[in-house]
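Examining the three-dimensional arrangement
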Amino acid sequence: MNQQIQLILDYFQQQEQLSADEKNALIKALKKVKSDLEIAEFKLERTEKVKRTTAILLDETIQELELKRKAVEETNAALQQSMEELKAAQAQLIQSEKMASLGELTAGIAHEIQNPLNFVNNFSDVTLELIGEMVEEVDKGNTEEVKAIARDVQQNMEKILHHGKRAGEIVKGMLQHSRTSSGQKELTDINALADEYLRLAYHGLRAKDKAFNATLHTEYDENAGKVNVIPQDIGRVILNLITNAFYTVNERKRLKEEGYEPVVTVSTSRISDHIEIKVKDNGMGIPKKVLDKIFQPFFTTKPTGHGTGLGLSLSYDIVKAHGGELSVHSDHGEGTVFIVSIPTNHQ
Ligand SMILES: Nc1ncnc2c1ncn2[C@@H]1O[C@H](COP(=O)(O)OP(=O)(O)OP(=O)(O)O)[C@@H](O)[C@H]1O
Ligand SMILES: [Mg+2]
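A brief structural summary. (Residues numbered from 1 in each chain as written. Chains lettered and ligands numbered in written order. Predicted model: local features only at pLDDT ≥ 70, side-chain atom pairs only at ≥ 80, totals over all residues.)

What follows deals with the overall build of the protein chain. The helix and strand tally for the protein chain stands at seven helices and seven strands. For the protein chain, the sequential pattern of α-helices and β-strands runs α-α-α-β-α-β-β-α-β-β-α-α-β-β. The C-alpha radius of gyration of the protein chain comes to 45 Å, more than 25% above the 20 Å expected for a compact globule of 347 residues. The principal-axis extents of the C-alpha atoms in the protein chain amount to approximately 170 × 65 × 40 Å. Looking at the protein chain residue by residue over its 347 residues, the buried ones come to 22%. A fraction of 71% describes how many contacts in the protein chain between residues 6 or more apart in sequence connect residues 24 or more apart. (Helix = DSSP H or I, 4+ residues; strand = E, 2+ residues; numbered from the N terminus. Rg over C-alpha atoms; globule rule 2.2 N^0.38 Å. Buried ≥ 20, exposed ≤ 12 C-beta atoms within 10 Å, placed from the backbone. Contact = placed C-beta atoms within 7 Å.)

Structural data, given as C-alpha cells:
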C-alpha cells in the first residue's frame, strides 16, 4: 500500500503543469490518506487478534462445559444406581419383616387350625360309628332307622365340610400374608378382620409365653361395615399394634405393681366418611422423647434380637397408602392408644 502511495507521490512531483502549492496540497492530502490507512490497518489487525482470542476462549469454555456435562451424567448414573440398590434393599427389608410377622402369626395360626381340625376328627369318628350302626340297621331291614341315621351322617358331613373349609381359609390367609406382591383391595368386614388378627396375635403370644395373660376387650361398632382395603395389609397393621400392646402390658405386669391388671382394648367406629380402629393398652406408655421416633424405621426399645423396629414404620406406610392416618396418644406410665383412621371412599 505504501509503495503505491509513493508511486502516486512521485507522479505528482513530475507533473510540471502543477504549481508548487498545488503539489504540496496534493502531497499533504495523500499523506493524510496514508496515515488513515495505517490506522485502519492497525485496527483491523487488533480486531483479528480479539477474534482469535475469543475463538480460543470459546473453545475452552465448550470443552469445559462438555467435561461438566459428562460429570453430571456420571453422577446421574451413580444416583440412579444407588436408587435402584436402595429400592432392592427396601423390598428385601419389607419381605423380611413380613417373614418375621409370619413367625409371630404361626403359633396363632396353629392354634386356629387346631380347632377346626378337632371338629373334623371328632365328627369323622362319630360318623364312622354311625355308618357301622347304619349297616346293622340295613341288615335288620329297619328302613326308618336307616333314614334317621343317614340324616345324622349328612349333618355331620356338612359340619366336617364347614370346618375343613375354615381350616382352608386360615391357610389361605397365611399364604396371602407371606406373598411379596401387595394384594388387591377388596370390600372387607373391618370388625371380622380386627377380630381375626386380635385372636392370632393373642394365641401367638400365649403359645410363646404360657405365663402371658391379658384381659381382652373388644368394642366393635355394628355400623363399621365393609371398607375397600387390602385385607392382609390392614391385618398386619392391626397385628403390629396389638403385638406392641401385648408386649407393653406384659412388661408392666413384670413390675408386679399392686393391683395391676393388663388390659388391651380393640375398638372400631364409623365416623362419617372414616373408619377408625383403635388399639389401646394400659402398659408402660411412651416417654415424650421416644414418642418422636417410634415411626422411624429400625427404631426399637426392645432388647437386641427382640424387635426389628419396623412394625410401626411399615404400619404407617400401609395406612398412608390407604389414604389414612396413623396417630398415637400416650401418657408415660399410663398406657397408649394407637388410632388407625381410613377414609371409606378411598379407591
Ligand atoms: N403400645 C406401646 N406402648 C409402649 N411403647 C410402644 C408401643 N408401641 C410401640 N412402642 C415403642 O415404639 C417402638 C417401635 O415400635 P415398632 O413396632 O416399630 O418396633 P418394635 O415393636 O420395637 O419391633 P417389632 O415390631 O419388629 O417387633 C417400640 O420399640 C416401643 O419403644
Ligand atoms: Mg412392634
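Taken together, 22 residues form the shell around ligand 1, and within it Thr300, Thr301, Gly307, Gly311 and Leu312 come nearest. Mapped by element, the contributors of at least two residues to the shell around ligand 1 are α5 (231–254) and α7 (311–321). When residues of the shell around ligand 1 are assigned to their parent elements, the largest contribution, four residues, is made by α5. In the shell around ligand 1, the residues fall into eight nonpolar, 12 polar and two charged. (Near = placed C-beta within 6 Å. Nonpolar A, V, L, I, M, F, W, Y, C, P; charged D, E, K, R; others polar.)

Another aspect to go through is the nonpolar core. In summary, soluble globular proteins display a tendency toward joint burial of nonpolar side chains. Ranked by internal contacts, the top residues of the largest apolar core, which has 41 residues, are Ala194, Tyr197, Ala201, Ile238, Ile242 and Phe246. Excluding residues within four positions of it along the chain, Phe246 makes contact with Ala201, Leu205, Ala214 and Val264. (Core = buried A, V, L, I, M, F, W, Y, C linked by C-beta atoms within 7 Å.)

Taken together, the five strands give an open sheet; going across it, the order is β2-β4-β5-β7-β6, and neighbouring strands pair in mixed fashion. Looking along the sheet, the strands with just one partner apiece sit at the ends: β2 (215–219) and β6 (325–331). Taken pair by pair, the neighbouring strands of this sheet meet at an average axis angle of 15°, ignoring direction. Lying over the sheet, α7 contacts β6 and β7 (335–343), oriented at roughly 135° with respect to β6. (Pairing = 2+ DSSP bridges. Axes fitted to C-alpha atoms, helices over the stretch in contact; angles between N-to-C directions.)

Sheet analysis places β2 next to strand β4 (residues 263–271), joined by five bridges and oriented parallel. Opposite Thr218, over in β4, you have Val266 as the bridge partner. Of the strand pairs in this sheet, β4 and strand β5 (residues 274–281) are connected by eight bridges, and their pairing is antiparallel. Pairing of Ile271 across the sheet is with His274, part of β5. As consecutive antiparallel partners, β4 and β5 are separated by two residues, and within that stretch Ser272 has a phi angle of approximately 40°, a positive value.

Bringing the packing of helix α4 (residues 190–208) against α5 into the picture now. Pairs of packed helices are described in terms of their axes, by the angle between the two and the distance that separates them. In contact at an axis separation of 9 Å, α4 and α5 are set at 45° when each is read in the N-to-C sense. Looking at the two axes, α4 sits oblique to α5. Crossing of α4 over α5 shows right-handed handedness. Contact residues: α4 offers Leu193, Ala194, Tyr197, Leu198, Leu200, Ala201 and Leu205, while α5 offers Pro231, Ile234, Gly235, Ile238, Leu239, Ile242, Thr243 and Phe246. Among the residues making up the contact of α4 with α5, the classes are represented as 13 nonpolar, two polar and no charged. (Parallel < 35°, antiparallel > 145°, perpendicular 65-115°, else oblique. Left-handed = near helix turned anticlockwise from the far one by under 90°.)

A few words now on α7. Among the residues of α7, Gly311, Leu312, Leu314, Ser315, Tyr316, Ile318 and Val319 are the ones counted as buried. Once α7 finishes, Gly323 follows within two positions and takes phi at roughly 75°, a positive value.

Further remarks concern the pairing of β7. Here β5 pairs with β7 via eight bridges, running antiparallel. Bridge pairing links Ile275 to Ile342 in β7. Hairpin remark: β6 followed by β7, antiparallel, with three residues in the connecting loop; positive phi at Gly333, about 90°.

On to the environment of His332. Secondary-structure assignment places His332 in the loop between β6 and β7. On the neighbour-count criterion, His332 (13 C-beta atoms within 10 Å) is partly exposed. For the pair His332 and Lys288, spaced 44 residues apart in sequence, the C-alpha to C-alpha distance is 7.7 Å. Every residue in contact with His332, bar those within four places of it in the chain, is listed here: Gly285, Ile286 and Pro287.

Take α5 next. Taking 1.5 Å of rise per residue, the 24 residues of α5 would be expected to cover 34 Å, and the 34 Å separating its terminal C-alpha atoms lies within 8% of that figure. Among the 24 residues that make up α5, 18 are buried, leaving the element largely enclosed by the rest of the structure. Following α5 by one or two positions, Lys256 has its phi on the positive side, about 55°. (Expected span 1.5 Å × (residues − 1).)

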